[in-house]
Amino acid sequence: MTGRVCRGCGGTDIELDAARGDAVCTGCGSVLEDNIIVSEVQFVENSGGGSSAVGQFVSLDGAGKAPTLGGGFHVSLGKESRAQTLQNGRRQIHHLGNQLQLNQHCLDTAFNFFKMAVSKHLTRGRRTAHVVAACLYLVCRTEGTPHMLLDLSDLLQVNVYVLGKTFLLLARELCINAPAIDPCLYIPRFAHLLEFGEKNHEVSMTALRLLQRMKRDWMHTGRRPSGLCGAALLVAARMHDFRRTVKEVISVVKVCESTLRKRLTEFEDTPTSQLTVDEFMKIDLEEECDPPSYTAGQRKLRLKQLEQVLSKQLEAVEGEITTYQDAIEIELENSRPKAKGALASLTKDGSVEDSTSSLCGEEDTEDEELEAAASHLNKDFYQELLGGSVPGSSEAAGVPEEGRRPPALESLLGPLPTAASLGISDSIRECISSPSHEPKDACGDGELDLSGIDDLEIDRYILNEAEARVKAELWMRENAEYLREQKEKEARIAKERELGIYKEHKPKKSCKRREPIQASTAGEAIEKMLEQKKISSKINYSVLRGLDAGGGPPGEDGPPPREHGPPPGEDTGPQGEAARPPEWTSARRLSRRKTSSRRSRPDPSTSAGKRLRPLVSTQPAKKVALGEASLPSAHSLEAERVRPTVVVVESGPVSYHAEEDAEEEDAEEEDGEPCVSALQMMGGNDYGCDGDDDDGY
Amino acid sequence: MDADSDVALDILITNVVCVFRTRCHLNLRKIALEGANVIYKRDVGKVLMKLRKPRITATIWSSGKIICTGATSEEEAKFGARRLARSLQKLGFQVIFTDFKVVNVLAVCNMPFEIRLPEFTKNNRPHASYEPELHPAVCYRIKSLRATLQIFSTGSITVTGILF
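Residues numbered from 1 in each chain as written. Chains lettered and ligands numbered in written order. Predicted model: local features only at pLDDT ≥ 70, side-chain atom pairs only at ≥ 80, totals over all residues. Heavy atoms only, no water.

- Looking up chain B in an unreviewed UniProt entry gives the name TATA box-binding protein-like 1, with the organism given as Bos taurus.
- Turning to chain B, the UniProt annotation filed under Sequence similarities (unreviewed entry) states: "Belongs to the TBP family." (UniProt positions renumbered as here; feature names shortened; annotations may be inferred.)

- Looking up chain A in an unreviewed UniProt entry gives the name Transcription factor IIIB 90 kDa subunit, with the organism given as Bos taurus.
- What UniProt states about chain A under its Subunit (unreviewed entry) heading is, verbatim, "TFIIIB comprises at least the TATA-binding protein (TBP) and the B-related factor 1 (BRF1/TFIIIB90). Interacts with BDP1. Interacts with MAF1."
- According to UniProt, the comment filed for chain A under the heading Sequence similarities (unreviewed entry) is "Belongs to the TFIIB family."

### Regarding the overall build of chain B
Part 1 of the argument: When you go through chain B residue by residue, the secondary structure sums to three helices and 10 strands.
Part 2 of the argument: Ordered by position from N to C terminus, the α and β elements of chain B give β-α-β-β-β-β-α-β-α-β-β-β-β.
Part 3 of the argument: In chain B, which comprises 164 residues, the share counted as buried stands at 43%.
Part 4 of the argument: Just so you have it, chain B exposes about 8700 Å², and 53% of that area is on carbon and sulfur atoms. (Helix = DSSP H or I, 4+ residues; strand = E, 2+ residues; numbered from the N terminus. Buried < 20%, exposed > 50% of the residue type's maximum accessible area, 1.4 Å probe, protein only. Areas by Shrake-Rupley, 256 points an atom, 1.4 Å probe, with all protein chains shown as cover.)

### A closer look at the nonpolar core
Residue and element names in this part refer to chain A.
Part 1 of the argument: Ranked by size, the top nonpolar core spans 72 residues in total, and within it F114, L138 and L233 carry the most contacts.
Part 2 of the argument: For this core, the two domains that each supply at least three residues are domain 2 (81–181) and domain 3 (184–289).
Part 3 of the argument: Setting aside residues up to four positions removed in sequence, L233 forms contacts with I187, F190, A191, L194, F196, V203 and A207. (Core = buried A, V, L, I, M, F, W, Y, C linked by side-chain atoms within 4.5 Å. Domains from an automatic or database assignment. Contact = heavy atoms within 4.5 Å.)

### Focus: the packing of helix 1 (residues 81–100) of chain A against helix 4 (residues 149–156) of chain A
Residue and element names in this part refer to chain A.
Part 1 of the argument: Look at helix 1 against helix 4: their axes get within 11 Å of each other, and the N-to-C directions meet at 120°. When the interaxial angle is binned, helix 1 and helix 4 end up oblique. Between helix 1 and helix 4 the crossing geometry is right-handed. Two secondary-structure elements touch here, helix 1 through L96, Q99 and L100 and helix 4 through D151, L152, L155 and L156.
Part 2 of the argument: Grouping the constituent residues of the contact of helix 1 with helix 4 by class yields five nonpolar, one polar and one charged. (Axes fitted to C-alpha atoms, helices over the stretch in contact; angles between N-to-C directions. Parallel < 35°, antiparallel > 145°, perpendicular 65-115°, else oblique. Left-handed = near helix turned anticlockwise from the far one by under 90°. Nonpolar A, V, L, I, M, F, W, Y, C, P; charged D, E, K, R; others polar.)

### Description of the pairing of strand 3 (residues 31–34) of chain A
Residue and element names in this part refer to chain A.
Part 1 of the argument: Where strand 2 (residues 22–25) meets strand 3, three bridges bridge the pair, whose relative direction is antiparallel. Counterpart to D22 in the pairing with strand 3 is D34.
Part 2 of the argument: Once strand 2 ends, the chain turns through five residues before running back antiparallel as strand 3, passing G29 with a positive phi of about 85°. (Pairing = 2+ DSSP bridges.)

### Re the side chain of T98 of chain B
Residue and element names in this part refer to chain B.
Part 1 of the argument: Along the polypeptide, T98 turns up in strand 6 (residues 98–110).
Part 2 of the argument: When its relative accessible area of 19% is taken as the criterion, T98 is described as buried.
Part 3 of the argument: In this structure T98 touches F20, R21 and R23, once residues within four positions along its chain are discounted.

### Let's talk about the sheet that holds strand 3 of chain A
Residues and elements named next belong to chain A.
Part 1 of the argument: Strand order in the open sheet formed by three strands is 1-2-3, with antiparallel pairing between adjacent strands. Each end of this open sheet is capped by a strand with a single partner; those strands are strand 1 (14–17) and strand 3. Direction aside, neighbouring strands of the sheet carry axes that sit 15° apart on average.
Part 2 of the argument: With four bridges joining them, strand 1 and strand 2 adopt antiparallel strand pairing. Within strand 2, the residue paired with D17 across the bridge is D22.

### Topic: helix 2 (residues 74–90) of chain B
All names here are of chain B.
Part 1 of the argument: In this model helix 2 runs 24 Å from its N-terminal to its C-terminal C-alpha over 17 residues, within 8% of the 24 Å that 1.5 Å per residue would give.
Part 2 of the argument: When helix 2 is considered as a whole, its buried residues turn out to be A77, G80, A81, R83, L84, A85, S87 and L88.
Part 3 of the argument: Looking one or two places after helix 2, you find G92, whose phi comes out positive at around 115°. (Expected span 1.5 Å × (residues − 1).)

Shown next, in the form of structure tokens:
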């Protein structure tokens, strides 16, 4: 091209013809190069008359197929592993993204995330599906689309927490800060699914307001946004006279019914719930509530404190149980008639003490209702003690007492008699005190010994034989299923191992034990054999039959079939042979040759030809070895002997084959073994069975 | 154990996880049959043994590796591990108590105030991660101390980690 020198004449005048793709020396005319590859644009004419350029679009990511030069060499030119991974990931991203109805921009971003993940080796050891889902969810979060992780896990049928783990890892490794989920994002989506029709927008707005209220009331921290949305939407729907049942809402929002109920209850506890619909739309309460779990925790704390205080009180008042009982009885008597002056004052004191103690007892049992009353009364009680320690000190003290007493009485008389509650309080007190003792006992007692003597304690851990047996039986019964599965699995493996040899051959077709071909004519035998061997459907049977029309006498059919088995693979032109005079040997030869030719016709195109011949040739040897009728052997031998002579006369290719076969046959006559091994070496696919069959013979 | 002047912040260690080796092959079946306080999980190939005195649960593998959980302090963990090794000795195995190592300590503490998780996450971006869909707490990781804190909105904090 650029000043090349011609090899023939040494001249430098070389002409390049782009059309023919040649480089020719103009001096001597020798062709220096042909089939030059040029880079030119070629145009092709369309059916409409227009022309279009010839070429392919190649993707930027290198995902296109490598061009196959010379056709069919796909072996390792294809793609590298990295490109394949990326292409696979891209495909999955698009598949999932379309199901989620994400736009192209999101999908591209997700693919970028995926590329980053692959470059950081985060896909190793993780299912591509998980990584793909995590990338998509990351995009959803950054874009703010109303897709939940639950949606993705639904599509993939994967546990949400597994996906979440992958997602968190990805976000951390890629240093991408996914903005927190705002439950408000989900409202339009869920509202749409709940089908509010025209009022969709209004309901959504109401639900949004509710959500914001919930946020201020601290209901949304640590909670699934979908649960809050569900509660807000349910209330909003009811506010606008839509009858949406809890079941409908939970099917859309994907939370549990109890979760929804709980959210509703929590919302009920907030002061906002007391507003009417109109008020809610207009007013926004100023105060904020504590989070419900915090409230619950605080309540528990308060109760505990109260219990402690009360138990102290009970302990302090312990000695006065009997007096309480008497006082209660007195009070009961007095409660029916109106309290008289002097007696009343006496009873008042007792009853006040009573009421507090009984109230204490009731509180132990029913915390919530009387909690406030108890604290109130306790305070007053203490105030009384402090202020007016002498019972019935002042009328002023007594009046407030009296004022307070009726409610105390009512609360007393409402439930069971105070004696009962007192009795309970006694037992409760015992219960409270005893558990405090129990742990101490358990520490020492449960182990029987103190820490010094460890061995004895450890000996207790070891069961004796009877116990061991019982335990073993229990365990067996419990894990019976697992044990059964294991046994089945082992049995299956053992069986497969036994049948392993046979199983290998099973997938290969025509691997049945073939019966010896029994045919009355050579042609029939050929047909049967062909059917069994399934060599080719392109054989013209009619021609085949025609060839054998003048075949030998039926008497020869005995030996011929057997000899069909081992056709010496002699190949002759079928037509050429057909012209021969039909001697019985030649007929046999013909048939043999034909069969061999039949086999070997398709054979040269496939590599099975070689296989056929050795197999075919082994059979006679084996049959000979098995000591069948000497006649066939004699025949075969004779035929084989005859064949070589005939073979020589025939045409080239035939003789080629014949010579080979002759050699093989001679070899076989001497020793059948090498041929058998050759068969096996050749893979012996179809014919392994035949080999076995022969063994069976 | 931090104790401020105004507010006493009690950190309680609730769990100590440790591992040790027995340097001998253990026949799980034998342990399962003769131990009074064991659960044999054949499908995963381990035995769970529970002790009462230091309340611990031990997972025993046939290779001789044992993981001990449930102790409330490091000394208790070691004590329990020794007891466990002793009981295995009594069962007849040639146990050698080696490679004792505490791998994880879990502590709980309570704040007297609530915490706003979304804002907290925003202000502590790289360390804190909050996924309300998955877990109600914020996961705050301190890489230098190799510790993980789970911060709940009620103010209770769970600290877990190990420093070698």
